[in-house]
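# Survey of secondary and tertiary structure
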Amino acid sequence: MSRKILLELNILLMFVLFACGCNRNHVESTASNTTSWQEGYSTYSNESEDKNLDYAEEIKKLTNKEIHDILIDDFENNGEEDAFILVKDKKEGAFELWFLTPDSNEKIVDSFIAENDTSIEMLEEDKKYCLLNVAQTRQNDEMWAAIYGVSGRKAEKLFSKKKLNFFIENGELYAYNGSYSVLEPEFDEWMSLSEQKYHFRWDRKQKTVVEYEAKVISEEQFSNLSKSDKLKENINRAIQKKYADNIKDIEYAYLIREDDSADINFIVTLKDGSRHKHHVTVSEKNNILETDVHLLDGNKEESFMKTLN
């Protein structure tokens with residue numbers, strides 16, 4: 001084989017090796033970039049990482065704040081995916097909420113100061129919605145929640161409420177309310193802050209959040225429910241276990257809610273004069289009560305929303 005042919009083969013081999021090396025470096029660089037922007041915040045997307053990366057790169061052109069949370073999905077059930085992006089200035093603690101489509105962008109919530117627990121989360125109902133929870137240290141003063149939908153590739157605020165944050169559990173909306181549960185004999189006001197869990201639902205027709213309604217029932221109405229005696233027996237046993245021989249009196253009140261649950265509120269007065277509020281929440285279906293008991297602090301209100309007005 002002539003030297004000329006050998007030289008040409010060597011050059012061809014070097015070119016192939018060089019091209020393979022460049023391609024491998026490109027793949028490694030792309031993989032590295034993909035993981036780096038995902039670290040430090042949660043994502044929810046049904047699309048490829050390349051699509052996520054497009055929105056992550058696009059938001060960098062709009063603000064110098066860093067991504068805190070991002071939701072990418074088909075919010076209109078039309079096959080097109082858009083993005084809600086929550087960004088944060090780590091130094092100042094200031095957040096903004098943006099909505100991006102392939103063709104447009106909009107800052108839908110201007111700069112606000114909040115705690116790091118502030119987040120966006122997917123609420124899945126008839127469509128997919130963006131749930132924004134603005135967390136604050138002073139729980140009932142400055143915290144708020146909002147729900148956004150998408151119509152015609154535009155984000156729209158469908159619901160907003162101050163003094164609460166929602167959380168999603170098994171696809172259902174809940175919120176905690178704070179109330180005081182202990183009254184000492186030497187004081188005139190209740191103390192010892194406790195939290196109570198309330199259940200909400202998304203009204204698909206009205207496009208808003210509504211509370212499961214409750215109604216107060218009497219002692220007689222409660223006693224007519226199946227297994228009420230067993231439930232009351234278990235509650236009394238739990239109270240005895242907690243307070244032993246210090247109990248002077250127990251006052252009961254009952255609520256039946258639309259979500260097939262019942263709240264049994266009670267106030268325990270002790271021999272030292274102190275009063276302690278507790279509640280038990282059980283299922284109630286077809287007038288049959290659940291009898292398992294878990295003693296919780298505080299009393300449940302008939303309506304959580306009314307306490308916020």
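Here the structure is a predicted model, which is why all the values come from computation and not from measurement.

About the thresholds
- Residues numbered from 1 in each chain as written.
- Predicted model: local features only at pLDDT ≥ 70, side-chain atom pairs only at ≥ 80, totals over all residues.
- Heavy atoms only, no water.
- Helix = DSSP H or I, 4+ residues; strand = E, 2+ residues; numbered from the N terminus.
- Buried < 20%, exposed > 50% of the residue type's maximum accessible area, 1.4 Å probe, protein only.
- Contact = heavy atoms within 4.5 Å.
- Areas by Shrake-Rupley, 256 points an atom, 1.4 Å probe, with all protein chains shown as cover.
- Pairing = 2+ DSSP bridges.
- Axes fitted to C-alpha atoms, helices over the stretch in contact; angles between N-to-C directions.
- Patch = residues over 30% accessible without salt bridge, like charges linked within 9 Å, V, L, I, M, F, W, Y side chains within 5 Å.
- Salt bridge = Lys/Arg side-chain N within 4 Å of Asp/Glu carboxyl O.
- Expected span 1.5 Å × (residues − 1).
- Arc of directions from axis to C-beta.
- Core = buried A, V, L, I, M, F, W, Y, C linked by side-chain atoms within 4.5 Å.
- pLDDT = per-residue confidence, 0-100.
- Polar contact = N/O pair within 3.5 Å; in protein donor to acceptor, adjacent residues only side chain to side chain.

Turning our eyes to something else, we now look at the overall build of the chain. Within the chain, the secondary structure is distributed over six helices and 19 strands. Per-residue burial over the chain gives 42% buried out of 309 residues. Across the chain, every contact between residues at least 6 apart in sequence was considered, and the portion connecting residues at least 24 apart equals 47%. For the chain, the accessible area works out to roughly 18000 Å², and carbon and sulfur atoms hold 46% of it.

What follows is about the pairing of strand S9 (residues 154-162). It is a general feature of regular strands that their side chains alternate between the two faces of the sheet. Relative to S9, strand S8 (residues 144-151) runs antiparallel, the two sharing eight bridges. Bridge assignment links alanine 145 to a residue of S9, and that residue is lysine 161. Hairpin connection of S8 to S9: two residues between the antiparallel strands, including glycine 152 at a positive phi of 60°.

Okay, the sheet that holds S8 next. Sheet architecture is open: four strands sit in the order S6-S7-S8-S9, paired in antiparallel fashion. Each having just a single partner strand, strand S6 (119-124) and S9 make up the two edges of the open sheet. Averaged over neighbouring strand pairs, the angle between their axes works out to 25° when direction is ignored. Where strand S7 (residues 128-134) and S8 come together, five bridges link them in antiparallel fashion. By the bridge assignment for S8, cysteine 130 is matched with tyrosine 148.

A surface patch of nonpolar side chains, amounting to about 400 Å² of accessible area, comprises Tyr180, Phe187, Met191 and Leu193. In this fold, leucine 193 is placed in strand S12 (residues 191-203).

The terminal C-alpha atoms of helix H5 (residues 228-243) lie 22 Å apart, and with 16 residues this matches the ideal 22 Å at 1.5 Å per residue to within 8%. Among the residues making up H5, those that are buried are Ser228, Leu231, Lys232, Asn234, Ile235, Ile239 and Tyr243. The buried residues of H5 occupy an angular sector of 160° when projected down its axis, which confines them to one face. In H5, those exposed residues whose orientation departs by more than 90 degrees from the buried face are Asp229 and Lys241. Lining the buried residues of H5 we find helix H4 (219-223), strand S15 (247-257), strand S16 (261-270), strand S17 (275-285) and strand S18 (288-289). Taken from the residues just after H5, alanine 244 is the one with a positive phi, measuring 55°.

Another aspect to go through is the nonpolar core. With 20 residues, the main nonpolar core has Phe84, Leu97, Ile108, Ile120, Leu132 and Tyr148 as its most contacted residues. Mapped onto this core, the elements with two or more residues apiece are strand S3 (82-89), strand S4 (94-100), strand S5 (105-113), S6, S7 and S8. Excluding its chain neighbours within four sequence positions, the residues that come into contact with isoleucine 120 are Asp69, Ile70, Leu71, Phe84, Ile85, Leu86, Leu97, Cys130, Leu131 and Leu132. The next biggest cluster of nonpolar side chains, apart from the first, holds 18 residues, and it includes Phe222, Leu231, Ile247 and Leu289.

Our next topic: the environment of leucine 289. If you trace the backbone, leucine 289 turns up in strand S18. Separated by 28 residues in sequence, leucine 289 and serine 261 place their C-alpha atoms 8.5 Å apart. In contact with leucine 289, not counting residues within four places along its chain, are Phe222, Leu225, Ser226, Lys227, Ser228, Leu231, Ala262, Val282, Ser283 and Glu284.

Take the confidence of the model for the chain next. On average, the chain scores 86 in pLDDT, and the residues at 70 or more come to 81%. Note on residues 1-45: pLDDT under 50 across the span, and 29 contacts to partners over four residues away in sequence or across chains.

Below, the discussion takes up the side chain of aspartate 263. For aspartate 263, the position within the fold is in strand S16. A distance of 2.4 Å separates the side chain of aspartate 263 from the side chain of arginine 257, its partner in a polar contact. Reaching out from aspartate 263, the side chain makes a polar contact with the side chain of threonine 281 at a distance of 2.6 Å. If we skip the residues at most four places from it in the chain, aspartate 263 touches Ala253, Tyr254, Leu255, Arg257, Val280, Thr281 and Lys300.

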